[in-house]
Amino acid sequence: MVDQGGIIVGPSFLCRIPGLLSTIFPIRSFLLMDVVSAMGYMFYFFLIGVQTDILMLRKITRKTFAIGFFTVAVPFILTLCSSILWMHFIDPNVEKIDKLLAIAEAESILSFPIIAYFLSELRIINSDFGRVALCTSMVSTLCSFCMMTSNFLWSQSGHDILLFFRTVCFGIVFVALIFFIFGPLLLWEMKQILVGQPLKQGNLIVLFVAVLMSGFWGHCFGLNIYFGPLLFGLLIPSGPPLGSALVEKLDLITYWMLMPLYFVKFGLSVDFFSLSIRTYSRVQFISLLGACGKFLGASLSALISSQMPLRDAVSLGFVMTFQGIIELGFFKLMKSQTIIDSESFAAMCASFLITTGVITPVVRYFCNPARRYMVYHGRNVMQSRGNSELRVLVSIHDEENVPSAINLLWALNPSKQSPIAVYMLHLIELTGSATPLLIPQKKTRRLSSRTRSSGPVINAFKNLEENHGGYVSIFPFIAISPPQTMHDDVCAIALDKGTSLVIIPFYKRFHVDGALQSSKKTIKIVNQNVLDQAPCSVAILIDRGPLRTLSDIWTSWYSYEVVVIFLGGADDREALTLGATMAGRPNINLTLIRILYDGDFPDKYMEGRILDNEVLHEFQTNISGNYCAKYIEESVKNGADTASVLRNLENHYELVVVGRRHDDDGLSPLLSGLREWNENRELGVIGDLLASSDFLGNTTILVVQQHTEIEMK
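Residues numbered from 1 in each chain as written. Predicted model: local features only at pLDDT ≥ 70, side-chain atom pairs only at ≥ 80, totals over all residues. Heavy atoms only, no water.

S.K.: Just checking my understanding: could you explain the overall build of the protein for this structure?
M.R.: Scanning the protein for helices and strands turns up 26 helices and 13 strands. Taken over 713 residues, the protein has a buried fraction of 53%. Here the contacts in the protein between residues at least 6 apart in sequence split such that 83% fall between residues at least 24 apart. Per element, the accessible surface of the protein, about 31,700 Å² overall, is 62% carbon and sulfur. (Helix = DSSP H or I, 4+ residues; strand = E, 2+ residues; numbered from the N terminus. Buried < 20%, exposed > 50% of the residue type's maximum accessible area, 1.4 Å probe, protein only. Contact = heavy atoms within 4.5 Å. Areas by Shrake-Rupley, 256 points an atom, 1.4 Å probe, with all protein chains shown as cover.)

Written as structure tokens, this is what we have:
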């Protein structure tokens, strides 16, 4: 971490070398470093305000309020009582009473941005557990802020109650000026300038000046200079358009230019060699007691008030003990206000490093959202077939994914006997906000500014529902989350709704000749995580050829040619089941091509061959008398022959359905020489060969992976 790098540069390590401190940091550089580091911290608080979604306050329930309150109250009471007992019975030094009480208070606070950052790093921020942790930390932060602010104002007033109330009144006036006059005026002007335009350099300069002036005005009102930028940031709506644009522009300047100087300046004030065993043991005891208090307050209140599972309650307790840059800044502020001395400050920093280093791997072990998916019993299309409802989750990233997805749902032949329930999930990348959202969107509800881009997508699926006379039910969802954790939204909905199939778009789009047309690396991360963790079967939908628009849906569908490529194995059996579902539609012509090895398979693979033959026999029985379905067998000796069979498909089909995995079914001879050319592992050998081929034209490709029960290791 950068704060650790700052400490390494300081007198605790490198600057203990004689003459190095004066060489690298001459006296005249400290004034400039103070100014730049203060500016960096002001912009850091401004970005915290921008990324904080105030509307999250509406999601706070009585249960999360109780957890958040006790997460602060329990450690505060424990550390306060232990400090008093320590001072009266172990170290009765009257001069240090205020100092030890201040340390007890500092070790009890908690900050929402730090919790959100760690949840994001652990990739659990948009899980159910992550959402509870965010709401809880929001309550804890409000309680900590009230306690911390009142204590600082009381200290600054010199324990004069009249001066204290005067400062409080000035603070209220300052907040009113920011929220009701200056902030709205600046926001109105920014929105007028930014309508349909990117953030320009002139806008940035105005924001720079506004942030700095808000800090200066706050200081004039007797408040800390970081208070004004935080309030100003809270005024700006998080997420697109303005919040995302500000974070994108200021992220580089703040986190990679200004904040490193702040950490260097911070590290220069930390000297671990100045610590005495007596001071360190006292501070470390209070720090550990504060961490234990947060853990007990969060976990016990979660168990009692929310009946949370024991493992989740323990995980929540550990998460609530996280500390970060805001706590370090608070320690430094206490030192600058002479509330604590340099020795106590160094001891608090040392305790911070130890506590954070120990807790992080513990939380990584306990907080693994994949566990809830991996112990789930296998659910796939083969198990749900028959005269029953087929539940499908369709993942959409942008409008260009919609036509192919809707055409595929149309081809799945929804009917009165076999209706389809479609859970449409529009995935939007989280930018300019620290809070991910999962919104069950009612089809009649108005969309907010953050979800307005989902309108055309939802309308297209509404048309699908209306055109199928009640045989298709659409349940739209909108997820706003970072790419690293988007799969949690997909897997959570698939698990909660009991879907049998998840359809996800491929991250690449190919030209007719197989050349790469466009690529989105963030979707690749999502797809791989879904393939690894989904609690049901997964199908990757690959588009080829020119971009389709929503007007292309259902056009020229007098005859729709579908082919299923069958080599063998669980994934191919799942692909065949999907193809057989399509065979019942009158204007769909289905062809099944079975590729057989012209030789003998080892005995250990005979069980798989028996299952393949049973599924194929059932398919042939079902299509008997159906002139729109046919079965073809092709015998091959090696991978080259397999590629030749695939090349014969040419541009004769609108949809090709294949299985993804063929590694554990004794099919190596059929794929010999082809695996070396497999660039897209998530598609498998056959899927990748078809996706990048130059002979399929505008054909859509569906690569299927069957879900089987996986036990947690």
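S.K.: Is there a simple way to think about the side chain of Thr591 in this case?
M.R.: For Thr591, the location among the structural elements is in strand E10 (residues 588-597). Note on Thr591: relative accessible area 2%, which makes it buried. Setting aside residues up to four positions removed in sequence, Thr591 forms contacts with Val562, Val563, Val564, Lys630, Ile632 and Tyr653.

S.K.: Looking at this structure, how should I read the pattern of salt bridges?
M.R.: Oppositely charged side chains may form a pair once their charged atoms are brought near each other. Applying the stated rule across the entire model yields 5 salt bridges. We note a salt bridge from Asp34 to Lys265, for which the minimum N-O separation is 3.1 Å. Residue Asp34 is located in helix H3 (residues 27-51), and its partner Lys265 is located in helix H11 (residues 242-268); the two are separated by 231 residues in the primary sequence. A relative accessible area of 34% means that Asp34 is categorised as partly exposed. (Salt bridge = Lys/Arg side-chain N within 4 Å of Asp/Glu carboxyl O.)

S.K.: Honestly, the nonpolar core in this entry has me stumped. Any pointers?
M.R.: In a soluble, globular protein the nonpolar side chains are often hidden away together inside. Judged by nonpolar contacts, the single largest core of 66 residues is most densely connected at Tyr44, Leu316 and Val319. Tyr44 has contacts with Ile114, Thr254, Tyr255, Met259, Ile325 and Ile326, leaving out every residue within four places of it along the chain. Listed in part, the 55 residues of the second largest apolar core include Ile396, Ala539, Met582 and Ala629. (Core = buried A, V, L, I, M, F, W, Y, C linked by side-chain atoms within 4.5 Å.)

S.K.: Sorry if this is basic, but what is going on with the sheet that holds strand E11 (residues 629-636) here?
M.R.: Across a sheet, strands are paired by hydrogen bonds formed along the backbone, either parallel or antiparallel in direction. Spatially, the 11 strands line up as an open sheet ordered E3-E4-E2-E1-E5-E8-E13-E12-E9-E10-E11, and their pairing is mixed. With one partner strand each, in any of the chains shown, strand E3 (437-440) and E11 form the two edges of the open sheet. Here the average twist between neighbouring strands, direction ignored, is 20°. Relative to strand E5 (residues 501-505), strand E1 (residues 390-396) runs parallel, the two being bridged by 3 bridges. Its bridge partner lying in E5, Val394 is registered against Ile503. Here helix H19 (residues 455-466) sits on the sheet in contact with E1, strand E2 (420-429) and strand E4 (472-481), set at roughly 165° to E4. (Pairing = 2+ DSSP bridges. Axes fitted to C-alpha atoms, helices over the stretch in contact; angles between N-to-C directions.)

S.K.: For this particular structure, what's the right way to read the side chain of Lys508?
M.R.: Here Lys508 shows up in strand E6 (residues 508-510). Since its relative accessible area comes to 15%, Lys508 is described here as buried. Within polar-contact distance, the side chain of Lys508 engages the side chain of Asn680 at 3.2 Å. (Polar contact = N/O pair within 3.5 Å; in protein donor to acceptor, adjacent residues only side chain to side chain.)

S.K.: Could you clarify how one ought to interpret the environment of Gln441 in this entry?
M.R.: Tracing the backbone shows Gln441 in the loop between E3 and H19. Taking the C-alpha atoms as reference points, Gln441 and Ile478, separated by 37 residues in sequence, lie 6.7 Å from one another.

S.K.: How should I be thinking about unusual backbone geometry in this particular structure?
M.R.: Phi is mostly negative for residues that are not glycine, and the peptide bonds are mostly trans. For Asn413, which is not glycine, the phi dihedral falls at a positive 60°. Overall, the relative accessible area of 18% leaves Asn413 in the buried class.

S.K.: Sorry if this is basic, but what is going on with the confidence of the model for the protein here?
M.R.: When pLDDT is low, close inspection of the predicted coordinates is not appropriate. Across the protein, the average pLDDT comes to 80, with 85% of residues at 70 or higher. By mean pLDDT, the top-scoring element of the protein is E5 (94), and the lowest-scoring one is helix H16 (residues 371-374) (60). (pLDDT = per-residue confidence, 0-100.)

S.K.: What's the story with the packing of helix H13 (residues 310-319) against helix H15 (residues 342-366) in this structure? I'm lost.
M.R.: Two packed helices can be described by the angle between their axes and the distance between those axes. As a packed pair, H13 and H15 sit with axes 10 Å apart at the nearest point and diverge in direction by 155°. Taken together, H13 and H15 sit at an angle that is classed as roughly antiparallel. Between H13 and H15 lies a crossing whose hand is left-handed. Listed contacts from H15 to Arg311, Val314, Ser315, Phe318 and Val319 of H13 are Ile359, Val362, Val363, Tyr365 and Phe366. Its residues assigned to classes, the contact of H13 with H15 comprises 8 nonpolar, 1 polar and 1 charged. (Parallel < 35°, antiparallel > 145°, perpendicular 65-115°, else oblique. Left-handed = near helix turned anticlockwise from the far one by under 90°. Nonpolar A, V, L, I, M, F, W, Y, C, P; charged D, E, K, R; others polar.)

S.K.: Teacher, can you tell me more about the packing of aromatic side chains here?
M.R.: The geometry of an aromatic ring pair comes down to the distance between the two centres and the angle between the two planes. Scanning the entire structure with this criterion turns up 20 aromatic pairs. Ring centres 6.4 Å apart and planes at 35° place the aromatic pair Tyr262 and Phe266 in the tilted group. Taken together, the residues Tyr262 and Phe266, both in helix H11 and 4 residues apart, mark about one turn of the helix. A residue is classified by how much of its surface remains accessible, and Phe266, at 1% relative accessible area, is buried. (Phe/Tyr/Trp six-rings, centres within 6.5 Å; stacked < 30°, edge-to-face > 60°.)

S.K.: Mind showing me how you'd approach helix H12 (residues 277-306) here?
M.R.: For an α-helix the count is 3.6 residues per turn, leaving residues at separations of three or four pointing the same way. Taking 1.5 Å as the rise per residue, H12 with 30 residues should run 44 Å; its terminal C-alpha atoms sit 42 Å apart, in good agreement. Backbone geometry just downstream of H12 places Gln307 in the positive-phi region, at approximately 50°. (Expected span 1.5 Å × (residues − 1).)

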